[in-house]
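# Fold and geometry: a report
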Amino acid sequence: MEKGHDSSSGAAATADESAAEEGNVAAMVKTVTSSNSDLLFKEIELGQEKNCAAKVTEKRVECGAWRRGSGAWRRGSGATLSDGQNAGMGKFQQGLKQSFRLPSTSSSEINQRRWGNFRPAADSAIVRRNDSFSYRIARSGTPSTLNRGEQAGCNNYSPAGRKMGMELHPDDEGIPGFQVADMKEKLNMNSSTLLTHLQARSKNFTTLLKRKLGPNMIMLVVEILAKITTSNDKELQASLLAHSIHSSVLEQFSTFSFNIIAQNMEFSAEELTNYFENLYVLYNTFVQMMPTKASEILSDHCTRAVMALQNLKLMRKLPVASKLEEDYRSLMDHVESLNKLHESVSQKRRREKVKREWQPGIDFRELSVIPLPQDLSSKMKVNLCPAMIDGPYKSVEHYLDVQFNLMREDFIIPLREGIMNFIDHQSSESLLYTRRESSKYKHIENVRFYHGVRFLKQFVEGDSLVTEVLFNPRAKSSRHNWSRSKRFLFGTLLCFSSDLFGSIILGLVVDRRVELLEKGILRCELVGEVNDGELFKKEFIMAESEVYFEAYQHVLKALQKFTEENFPLKEYLIDVSPDAHYPTYLERLPDTIYRSKRIEFNVLNKDSWPSKEKMELNESQYKALQSALTKKCAVIQGPPGTGKTYLGLKIAEVLLENTREWLRGPILVVCYTNHALDQFLEGILSFTRNIVRIGSQSKNEKLDDYNLRVVRKNKGIYGFGLGDVIEEMNECSETINECNERLKMCMKSEGIISLEHLHHVTDSRMVTNFAFSSLGDLQFQEWLFAGLYFQNSMRSGIDLNDIKPINHNGFYSCSLFDIKNIINELKFEESRAEGYELEDIRNEIIMWVSRLGYMKRKLSEPFEPNMDLIQRLTELQNLNILQPDYRWMLYRYWVLKLVQKYESDLVRSCGYFRRLNEEKFELMERKNEYVISESDVVGMTTTAAARHQNLLQRVGPKIVIVEEAAEAMESHVVVCLSAQCEHLILIGDHKQLRPSPAVYRLAKDYHLEISLFERLLMNGIRFDTLRIQHRMRPDIADLVFPAVYPVLENHPSVLAYDNIVGLKKNLFFITHTHLEEKAMDDSSKRNVHEAKFLVALCKHIILQGYDASQITILAGYLGQMFLLIEERDKHVAIQDVRITVVDNFQGEENDIILLSLVRNNEEGKIGFLASENRTCVALSRAKKGLYIVGNLDMLADKSSLWSKIRKVLLEKEAVGTHLTLQCLKHPDQLTEVSKAEDFNDIPGGGCRLKCNEKNELRS
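Source: prediction; values computed, not measured. (Residues numbered from 1 in each chain as written. Predicted model: local features only at pLDDT ≥ 70, side-chain atom pairs only at ≥ 80, totals over all residues. Heavy atoms only, no water.)

Along the backbone of the chain there are 45 helices and 31 strands. With 1259 residues in all, the chain has 55% of them scored as buried. Here the contacts in the chain between residues at least 6 apart in sequence split such that 74% fall between residues at least 24 apart. Surface accessibility of the chain: about 55,500 Å² in total, with carbon and sulfur atoms responsible for 48%. (Helix = DSSP H or I, 4+ residues; strand = E, 2+ residues; numbered from the N terminus. Buried < 20%, exposed > 50% of the residue type's maximum accessible area, 1.4 Å probe, protein only. Contact = heavy atoms within 4.5 Å. Areas by Shrake-Rupley, 256 points an atom, 1.4 Å probe, with all protein chains shown as cover.)

Next up, the structure:
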């Protein structure tokens, strides 16, 4: 048995006596453990791990004791490492590091942190501080107790301690020999005795570790486990650790580490440092002795320990040694390397199979739609399965679970990865984290971080509870162009945290007025319940995610409401049946007669249909119409210019004409974008005016009268209990605004608060000194100003100009501004007074100036309440005996309590307002149900449909038409459908823009970019393709046919287009090598050469007589769009030309398109241009003229599609470094241009000859 400390130490002697009493039991335990040690390690380790663990054990025994430079826990009677042993240890660790990447930290270095509070045993002893569980060493031979004084929260008997949860935890009691007092005594044992003692009582010890532990018990457990690692008996160590360390106890350690800040636990810096050092020693030993088990359960806890340390360093200013942080990070790397080392090929395949095969797990309906702090952990495990694109889903539950989790992770992953990278970089000097520091970390483009963020106020605006946030205190020095910025777009998700994302508050941007942003202020609506009473006191870190959370939120909530019973069209959405079925309502009435163009026909008998000519359709459109009207799930693909919208309107017209009388309920029209919805609904107005558009983002004035809000008002629908709710909301709104105003005045401290308000927070005995009247307020002021007459000087030295006007509406009985007005009035009287009156006025001025200075000084003094003293003051019956400073202390305490009252009232009122708003929304939905049930057509975007899913379920539209179906995520389409849906018509083109998930790997590896439209095609459902395009002249159409579309015919109308005036070619690609540059905080790209060239070309085309509305400039990147707008605005002639990005122009067209591809770099990166879908959209918008500028060779080298396009362009002689301009008046005069400056030679748009007059378009 190992000897303890010197016998002169009473504590050590006690430990030896205890060890002696346990001798027999310990010997038995050690014998059994020794005989079974090989079996134990076989159970813990396999293969190489066993050898490594054995080497660790062998070498650590060989190295001797853990020690610290000036003193340490020691084995034997004070032995230290020899130089040879030190060299052996260094050599061993270097070898081990090469195989395991173990941190190259010497034993002495580790123990310098680990047992920093111990000195050599020969001349020191353990000293326990009063109830703090932290230890120091005294040079004397006996223990000495250090008085903790008034350190709140660490003394178990202090009120503050009980408040912060620092008293004995209920679950820490009840295990014989393992209560708090027992645990403290155990720390007096030497390490070997302690190890044997715990092994003999392992059942009780492991029972303790399975319980929920209090904060102090956790610190004791960690210290004890760290201490036993210094024992020489590695077999006993392995046995105890193997049976003691499990996931639940590690979770308690990690949770406690975060709760130190979250629950404001007031441990000393020394205690916290010791705790994290002990935790590191425990984790490090665990990894070395049991690498396999450690790699399975320890990785996340190492990460969380680092986060907690950084949290304390940032929030508590804890002096954390950089070496400790480095060692934790090295340990994290080591655990990660173990994960890779132990990962066999068969394990990888097995995990891949589990990943790909869905198994029922946590019910997705129980998951929070709003991200929780644990969702943002770097090691958050989510059982993600890819969306099925080949074959059916197992069940509705399988489908919903997969879709929900993929959608949820799509908006959480960017935020999670951004926050984890920020925590790694939180020491960066930059206020705005732009991830430029190191290529070691991932480049997160859609998360930005802001320090020193403060909440300013909350107020009600419309139906929203708006919170104003100061995100940049130094906004005046910022040169950011907010009018052309992607930051803080409407619906942007904001994540606030005051404890390094241990807890979070979420908000959505609802107002991005440029004038506010320029002042560093934005307005958001907080999401979920916010119960933080100190919301307006703390500083926060704010993360801004560019993911549009609003859409995700409503879709996720809608998915949670689906069940096996109410899920629509299961045979197609779940089973992906290729068989065609009639719409359910036609199956019930198979002989239904339809009427169109005054011709009656049996809709299910295609032979009886009117001809395509009478239906005013071409062959492919005619067949698509037949499918749309007779298939339960109809899918129609429409390449660019083939008339998708025209056909969609024809379908709606025929359905409406023939079903409105006998098929109750409206037809639901859904589009992905507001622009497409407006376009479709405007077309519907040609055959019915009984439509309703839901949503406030319409920009089409023709639809204003059909907005749901207007229709509801015009119908004069009242009742539904809305009046009472609105009245309560108004009252609640007034309370919120009143609390905000009063809080603001309390914080400003620009006057003495009236007794009318103070009496709410003062004891009735305290206010009997003053009457509740204006006279009482005067007495109260005199009571506070009594101290003025104890001052040595009546001079104030205050500048009256510093006192700003304030409208307090009687909240202050006397404000600084009130006194300023009195002084100004007296000065006016002074200018007219003489003799004794003048002297009296001057004396009065001196008095008021003195009062002003005294009050201002007292109100601005720092205030830290001394609760013991305040408690004694509040017990006084007569407040008039108090000294002046105590009077002001009492007053400031009352103000503090008043602030707490208003904050509490504000939190409660805000919560109540949110609940009332939800109730109002539900009542409005009942009202809306009545309105839209009587309409013929109701139109909305996919986002609006998700938001109003309850309404759709109640109304139950039986016919749903989805435009842009291939551009919307599958779940966005599904939530538009109700259980009553009997007929679904999908119109779109999967070869143009696909859905755009936020996370690239979810898009590609988990098939989130595959729409419902495309999935149905991939599974063999019968669909129709429109084949005749009416948009592009043949030269332009050849760019996408047959490269993208195998079959595409030109309508005769496109063969008759005029040539573009002023240019020799109608189609041309100007290739160049001018490099791109970064734009918009490095999140986008721009190319100055291309912007200047296209603006000059646009001006040249306008000079030919074209109208600005005939030209559109498209950009591949948002940064380029803003640059083009800047360049355009320099020229009056072209200011009406539309400039936008390619993605925003889907479904639109124009006569002339000028296209800037932007990408041009030495690395050959082409970014979005590698997407065939985006390329298809970009090249198919022009009707008559298309002019492209970019680096064609680079594109063709990186993309097979661009290679095909280059071949077409070369065949048409439509590519070159110079664009040829042709004068209208002198056709033989040609001008070649390759840069913007070249246009200066022909400023009038003609040629170098006399072309002074503006060219005119030929008639």
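Once that is clear, we can look at the sheet that holds strand β13 (residues 691-693). With parallel pairing, 7 strands are arranged side by side in an open sheet as β13-β16-β12-β17-β18-β11-β19. The open sheet is flanked by β13 and β19 (1024-1025), the only strands paired with a single partner. Pairing of β13 with strand β16 (residues 937-941) involves 3 bridges; the strand directions are parallel. Within β16, the residue paired with Ile-691 across the bridge is Val-937. (Pairing = 2+ DSSP bridges.)

Before going further, it helps to spend a moment on the pattern of salt bridges. Summed over the entire model, instances satisfying the criterion amount to 50 salt bridges. Arg-523 is the salt-bridge partner of Asp-511, the closest N and O atoms lying 3.6 Å from each other. A residue pair is termed long-range when its members are at least 10 positions apart, and Asp-511 in strand β6 (residues 505-511) and Arg-523 in strand β7 (residues 521-527) qualify at 12 residues. Overall, Asp-511 belongs to the buried group, its relative accessible area being 11%. Accessibility expressed as a relative area gives 11% for Arg-523, which makes it buried. Note that Glu-600 and Arg-595 form a salt bridge whose closest N and O atoms lie 2.4 Å from each other. For Arg-595, a relative accessible area of 36% corresponds to the partly exposed category. One continuous salt-bridge network, built from bridges that share partners, spans Glu-461, Glu-468, Asp-511, Arg-513 and Arg-523. (Salt bridge = Lys/Arg side-chain N within 4 Å of Asp/Glu carboxyl O.)

For the rest of this paragraph, the subject is the pairing of strand β9 (residues 593-596). Going residue by residue along β9, you find Tyr-594 and Ser-596 tucked away on one face and Ile-593 and Arg-595 left uncovered on the opposite face. Two strands pair when backbone bridges link them, and β9 and strand β10 (residues 599-602) are joined in this way by 4 bridges, in the antiparallel orientation. Bridge pairing links Tyr-594 to Phe-601 in β10. Counting the residues in the hairpin turn of β9 and β10 gives 2 residues, including Lys-597, whose phi is positive at 50°.

Before going further, it helps to spend a moment on a negative patch on the surface. Together, Glu-825, Glu-829, Glu-834, Glu-837, Glu-839, Asp-840 and Glu-844 make up a region of like negative charge exposed at the surface. At the level of secondary structure, the elements contributing two or more residues to the negative patch comprise α31 (816-830) and α32 (835-860). Sorting elements by how many residues they give to the negative patch places α32 first, with 4 residues. Along the polypeptide, Glu-834 turns up in the loop between α31 and α32. (Patch = residues over 30% accessible without salt bridge, like charges linked within 9 Å, V, L, I, M, F, W, Y side chains within 5 Å. Lys, Arg positive; Asp, Glu negative; His and termini not counted. Charge placed at Lys NZ, Arg CZ, Asp CG, Glu CD.)

Right, let's talk about the packing of aromatic side chains for a bit. Throughout the structure, instances matching the rule amount to 36 aromatic pairs. Here Trp-888 and Tyr-891 contribute two aromatic rings whose centre-to-centre distance is 5.7 Å and whose plane-to-plane angle is 85°, an arrangement assigned as edge-to-face. Of this pair, Trp-888 and Tyr-891 both sit in helix α34 (residues 884-933), 3 residues apart, which is roughly one turn of the helix. For Trp-888, a relative accessible area of 3% corresponds to the buried category. Residue Tyr-891 is classed as buried on the basis of its relative accessible area, which comes to 1%. The ring centre of Trp-848 lies 5.3 Å from the NZ or CZ of Arg-851, which sits over that ring. Stacked on the ring of Phe-1168, the Lys or Arg Arg-1174 has its end atom at 4.5 Å from the ring centre. (Phe/Tyr/Trp six-rings, centres within 6.5 Å; stacked < 30°, edge-to-face > 60°. Lys NZ or Arg CZ within 6 Å of the ring centre and 35° of its normal.)

The subject of this paragraph is the confidence of the model for the chain. On average, residues of the chain score 79 in pLDDT, and 79% of them are at 70 or above. Below a pLDDT of 50 lies the segment residues 1-172, which in the model reaches 315 contacts outside its immediate sequence neighbourhood of four places, other chains included. (pLDDT = per-residue confidence, 0-100.)

Moving on, we get to the packing of helix α33 (residues 867-874) against α34. Axis separation between α33 and α34 bottoms out at 11 Å; the angle between their running directions is 100°. On the basis of the axis angle, α33 is roughly perpendicular to α34. Residues Met-867, Leu-869, Ile-870, Leu-873 and Thr-874 of α33 touch α34, and the partners they reach there are Tyr-886, Met-889, Leu-890 and Tyr-893. Of the residues in the contact of α33 with α34, the class split is 8 nonpolar, 1 polar and no charged. (Axes fitted to C-alpha atoms, helices over the stretch in contact; angles between N-to-C directions. Parallel < 35°, antiparallel > 145°, perpendicular 65-115°, else oblique. Nonpolar A, V, L, I, M, F, W, Y, C, P; charged D, E, K, R; others polar.)

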